[in-house]
Amino acid sequence: MTNDRETKKSTMGGDEREHRRLAMILAAVLFLGTFQLGEGELKGNYSKLSGIIIPGFASTQLRAWSILDCPYSPLDFNPLDLVWLDTTKLLSAVNCWLKCMLLDPYNQTDHPECKSRPDSGLSAITELDPGYITGPLSSVWKEWVKWCIEFGIEANGIIAAPYDWRLSPSMLEERDLYFYKLKQTFETALKLRGGPSIVFAHSLGNNVFRYFLEWLKLEIAPKQYIQWLDDHIYAFFAVGAPLLGSTETVKAMLSGNTFGLPVSEGTARLMFNSFGSSLWMMPFSKYCRADAMYLKHFSGGIRKGPNTYQCEQKEFQSNYSGFSTNIINIEIPSTRGIDAYPSVSEFSQTNYSSMECGLPTQLSFSAREISDGTFFKAIEDYDSDSKRTLHQLKKSYHDDPVLNPLTPWDRPPIKNVFCIYGVDSRTEVGYYFAPSGKPYPDNWIITDVIYEIEGSLVSRSGNQVEGNPGPASGDETVPYHSLSWCKNWLGPRVNITRAPQSEHDGSDVQVKLNVEHHNEDVVPNMTRSPRVKYITYYEDSESIPGKRTAVWELDKANHRNIVRSPALMRELWLQIWHDIHADSPSKFVTKAKRGPLRDDDCYWDYGKARCAWPEYCEYRYVFGDVHLGQSCRLRNSSADALLHYV
């Protein structure tokens, strides 16, 4: 009996060693090939590729860079202490914490008693606060990095590009030389690894990358600009990009958005409005554009040109600036003057009875009227923060010498662009505000919210709202109209594929080839099962030579959690794996079948009393497994599974 157990144990250990040996062979095949860069193609393997991650808003750790004694609290701030996000100090010393977070609303300088600076390296973006209070807010890119490690990516192959997400784009360069350092990061990665980089940007990180591309035009000779991009950037994966801004920014600016933090909405508003970046994510019209303030010639000289802001006729012929409804509906009191909205110091001396004498007037504002300052001028007499907003809007955005970020995107001049976002979640697209009778920052309250839900507009009370809803809704944070703007980047003919997000055998895949596209939204006429989450792929059938564009829509993918989506990470992995093979018959990875790629993808099928996907998975117990699903692991022969995706 003992000999049988030893024989079985030896056999199981041998199987495990064989599995590891085959995995190492696969890794060797992946990493030891040659690498060349052709016309929009990768040949060889990704061992010379680098992945550069540009995180989104509030997704980089900030650390204290000064000594701050906090009265009435045993916790002080010392150099290198966590500020964002240290929930312990936030709960015990909120006033001290705010001093380290707030910036001067006019010149973006630090508080006189405390200043904070962004952390560096991957640790700055993976786990903001290793605790339980903040929940999903704490962990952002941790799962992403875990996937890369599991598939054998080297430590120097993943590079984080954290930044101070409180700053306006021009201040990022002026104070921290961020874009200069980012350029050096790409150049160092090329020298270190020998190949171009793949950019993964999330949320506001996409706006940062867009500004970098425009800033780069002023740094290098125009004739060398495209060549620099071709040499240093292979692909750009834009995840959850607010291409036309986000309506939630308006809520954060007027009433406050706590983002799940244990602070009041007024405190959140006070903090958010001190940041120069608060305006970077404002919604704006897709019909209005601005010329650059500085124009660079081939001779290298810079001349100052007119900074014009012009809108197409469509902006005035259609409603809502391309969005589904007016974003702000606000009640303006009939009583004007300084007594309408007192400052904090005047609050105790002001009599609010004068506000009740007249009926308020309700005004509505579109995305253009928000981004060009019309809205803030309209409430200037009623909101003490409007002057600050108008100052920052003109100085840091409308008069920015590199780019007015509050203008529609053109397709980045990069060979391969993948635009990825979630759809069909309930997303806020409009608000009704009314005066609260309290001082700033609590002087506005939200009386109603308009949501887009799968092609319709609904108020918070559940009533239908008139407007121009899109064919789908957004990702809970960014409206569909803003996310889907990148469909304009697709070529004249598009191949559309809809497939389940989970592993599938291909029986539920729907395909439409050569769908005509005329710089507008593309809506597939495809069936949908209510119990299945799909990915819908829009891929160039015809495109500019040497360029590739694709759009991926993931059902029910939350804006913040999309970077942790296993389906997204699997598709990214397979697309890169596909691209490194020069003999691939198609421009994009096949969607015909999706089998398990990792042990975590295998699970126990209780109905059949075996591991699901027996072609790929088998029952293989390892000491420490606590349930049947944990013992379902990839078969040794599944190392060939990736060959199906070439």
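An unreviewed UniProt entry lists the protein under the name Phospholipid--sterol O-acyltransferase, with Gossypium stocksii given as the organism.

Q: How should I be thinking about the pattern of salt bridges in this particular structure?
A: Pairing of side chains with opposite charge becomes possible as their charged atoms draw close. Taken as a whole and judged by the stated rule, the model has 31 salt bridges. When the shortest N-O distance is used, the salt bridge between Lys 217 and Glu 214 registers 3.4 Å. Highlighted residues: Lys 217 and Glu 214, both in helix α8 (residues 204–217), separated by 3 residues, approximately one helical turn. Each of Asp 164, Arg 166, Arg 175 and Asp 176 takes part in salt bridges that share partners, so that together they form one network.

Q: I tried to follow the packing of helix α7 (residues 178–193) against helix α9 (residues 222–232) on my own but got confused; where do I start?
A: Each pair of packed helices can be described by the angle between their axes along with the distance between the axes. Put simply, α7 and α9 touch, their axes get as near as 10 Å, and they point 55° apart. Between α7 and α9, the angle falls in the class oblique. Here Lys 183, Phe 186, Glu 187 and Leu 190 of α7 lie close against α9, whose contacting residues are Trp 228, Asp 231 and His 232. Across the contact of α7 with α9, the residue classes break down as 3 nonpolar, 1 polar and 3 charged.

Q: When you look at a nonpolar patch on the surface in this model, what are you seeing that I'm missing?
A: Taken together, Tyr 606, Tyr 619, Tyr 621, Phe 623 and Leu 628 make up a surface patch of nonpolar side chains, about 640 Å² in accessible area. By secondary structure assignment, the location of Phe 623 is in the loop between β26 (617–619) and β27 (632–634). You can call Phe 623 exposed: its relative accessible area is 82%.

Q: Would you take a moment to explain the sheet that holds strand β14 (residues 328–332) for this structure?
A: In sheet architecture, strand pairing relies on hydrogen bonds along the backbone and comes in two forms, parallel and antiparallel. Read across the sheet, 5 strands follow the order β15-β14-β17-β18-β19 without closing on themselves; strand pairing throughout is mixed. Each edge of the open sheet is held by one strand with a lone partner, namely β15 (361–365) and β19 (456–459). Taking each pair of neighbouring strands and ignoring which way they run, the sheet shows an average axis angle of 20°. The pairing of β14 with β15 spans 5 bridges and is classified as antiparallel.

Basis of the calculations
Residues numbered from 1 in each chain as written. Predicted model: local features only at pLDDT ≥ 70, side-chain atom pairs only at ≥ 80, totals over all residues. Heavy atoms only, no water. Salt bridge = Lys/Arg side-chain N within 4 Å of Asp/Glu carboxyl O. Helix = DSSP H or I, 4+ residues; strand = E, 2+ residues; numbered from the N terminus. Axes fitted to C-alpha atoms, helices over the stretch in contact; angles between N-to-C directions. Parallel < 35°, antiparallel > 145°, perpendicular 65-115°, else oblique. Contact = heavy atoms within 4.5 Å. Nonpolar A, V, L, I, M, F, W, Y, C, P; charged D, E, K, R; others polar. Patch = residues over 30% accessible without salt bridge, like charges linked within 9 Å, V, L, I, M, F, W, Y side chains within 5 Å. Areas by Shrake-Rupley, 256 points an atom, 1.4 Å probe, with all protein chains shown as cover. Buried < 20%, exposed > 50% of the residue type's maximum accessible area, 1.4 Å probe, protein only. Pairing = 2+ DSSP bridges.

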